[in-house]
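Remarks on the overall topology
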Number of protein chains: 2
Amino acid sequence: GDAAAGRKKAVACQACHGLDGVSKLPDAPNLSGQVEPYLVKALGEFRDGTRRNEVMSVAAKDLTDSDIADLAAYYSSIQIDVVPPS
Amino acid sequence: GDAAAGRKKAVACQACHGLDGVSKLPDAPNLSGQVEPYLVKALGEFRDGTRRNEVMSVAAKDLTDSDIADLAAYYSSIQIDVVPPS
């Protein structure tokens, strides 16, 4: 996937997930730095109906494989630093 | 949920998700700092079969509501710093 292309496509995601991947809604997960293959799988499952969500089933319906790859590349590329629990 | 109790219960999650919520497998999402209501919803959906995954459908099957609340409290409590894309 092409992270730069994904960033442009992520305008469609930002109302819920943020352009930086920080969720704006209680039901929407953070996507920043998320595992890339997990994101590809999640979007593919929303697209094909294996996984259902009122918003995502619609949002993912018309994504191409390239869209999914680019969005996953973009959100996974955002750096996160995890403060390990002590 | 009780994050301290969740940390103890998270030993069951750590092989895939890490005790710090940093994924150890390409198919497992990071959970560190994830949105708490999203985690509660995800675990509930795996438990009731709304959402299916080979590993998680088994892992969540016998969780109580308290287990779910505690695990969500724990993983959501782990601090993450997001480096905003420039």
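The structure this text deals with has already been given above.
What comes next is a walk through the structure.

About the cut-offs
- Residues numbered from 1 in each chain as written.
- Chains lettered and ligands numbered in written order.
- Predicted model: local features only at pLDDT ≥ 70, side-chain atom pairs only at ≥ 80, totals over all residues.
- Heavy atoms only, no water.
- Least-squares fit on C-alpha atoms with pLDDT ≥ 70 in both.
- Contact = heavy atoms within 4.5 Å.
- Helix = DSSP H or I, 4+ residues; strand = E, 2+ residues; numbered from the N terminus.
- Salt bridge = Lys/Arg side-chain N within 4 Å of Asp/Glu carboxyl O.
- Polar contact = N/O pair within 3.5 Å; in protein donor to acceptor, adjacent residues only side chain to side chain.
- Nonpolar A, V, L, I, M, F, W, Y, C, P; charged D, E, K, R; others polar.
- Pairing = 2+ DSSP bridges.
- Phe/Tyr/Trp six-rings, centres within 6.5 Å; stacked < 30°, edge-to-face > 60°.
- Buried < 20%, exposed > 50% of the residue type's maximum accessible area, 1.4 Å probe, protein only.

Some thoughts on the relation of the copies chain B and chain A
Expressed as a screw transformation, the operator carrying chain B onto chain A has a rotation angle of 180° and an axial translation of 0.0 Å, and the superposed copies differ by an RMSD of 0.0 Å. Here the two chains are linked by the operation of a two-fold rotation axis. Among all C-alpha atoms of chain B, that of Asp81 of chain B lies closest to the rotation axis, at 2.5 Å. Taken together, the interface assignments show that 100% of the residues at the interface of chain B recur at the interface of chain A, consistent with an identical surface on both copies.

As for the environment of Ala59 of chain B
Tracing the sequence through the fold places Ala59 of chain B in helix 4 (residues 56-60). With 32 residues separating them along the chain, Ala59 of chain B and Asp27 of chain B place their C-alpha atoms 15 Å apart.

Describing the pattern of salt bridges
Counted under the stated rule, the structure contains 10 salt bridges over all chains. Taking the shortest distance from any N to any O, the salt bridge between Glu45 of chain B and Lys41 of chain B comes out at 3.9 Å. Placement of both Glu45 of chain B and Lys41 of chain B in helix 3 (residues 36-48) is noted, with a separation of 4 residues, approximately one turn of the helix. Here the residues in one salt-bridge network are Lys9, Asp67 and Asp70 of chain A, joined through shared partners.

Things to note about the interface of chain B and chain A
Contacts between chain B and chain A engage 29 residues on the former and 29 residues on the latter. One can count 0 salt bridges joining chain B with chain A. In this assembly, chain B and chain A are joined by 11 residue pairs in polar contact (both at pLDDT 80 or more). At the level of elements, helix 3 and strand 1 (80-82) of chain B are the ones that each hand at least two residues to the side of chain B that touches chain A. When grouped by side-chain class, the residues that make up the side of chain B that touches chain A number 15 nonpolar, 8 polar and 6 charged. By the bridge criterion, 3 bridges tie strand 1 (residues 80-82) of chain A to strand 1 of chain B in an arrangement that is antiparallel. In the sheet register, Val82 of chain A faces strand 1 of chain B, and the bridge partner there is Ile80 of chain B.

Re the packing of aromatic side chains
Residue and element names in this part refer to chain B. Overall, the coordinates contain 2 aromatic pairs over all chains when judged by the stated rule. Ring centres of Tyr74 and Tyr75 lie 5.1 Å apart, and the angle between their planes is 55°; on these two criteria the pair is classed as tilted. When sorted by exposure, Tyr74 lands in the same class as Tyr75, which is buried.

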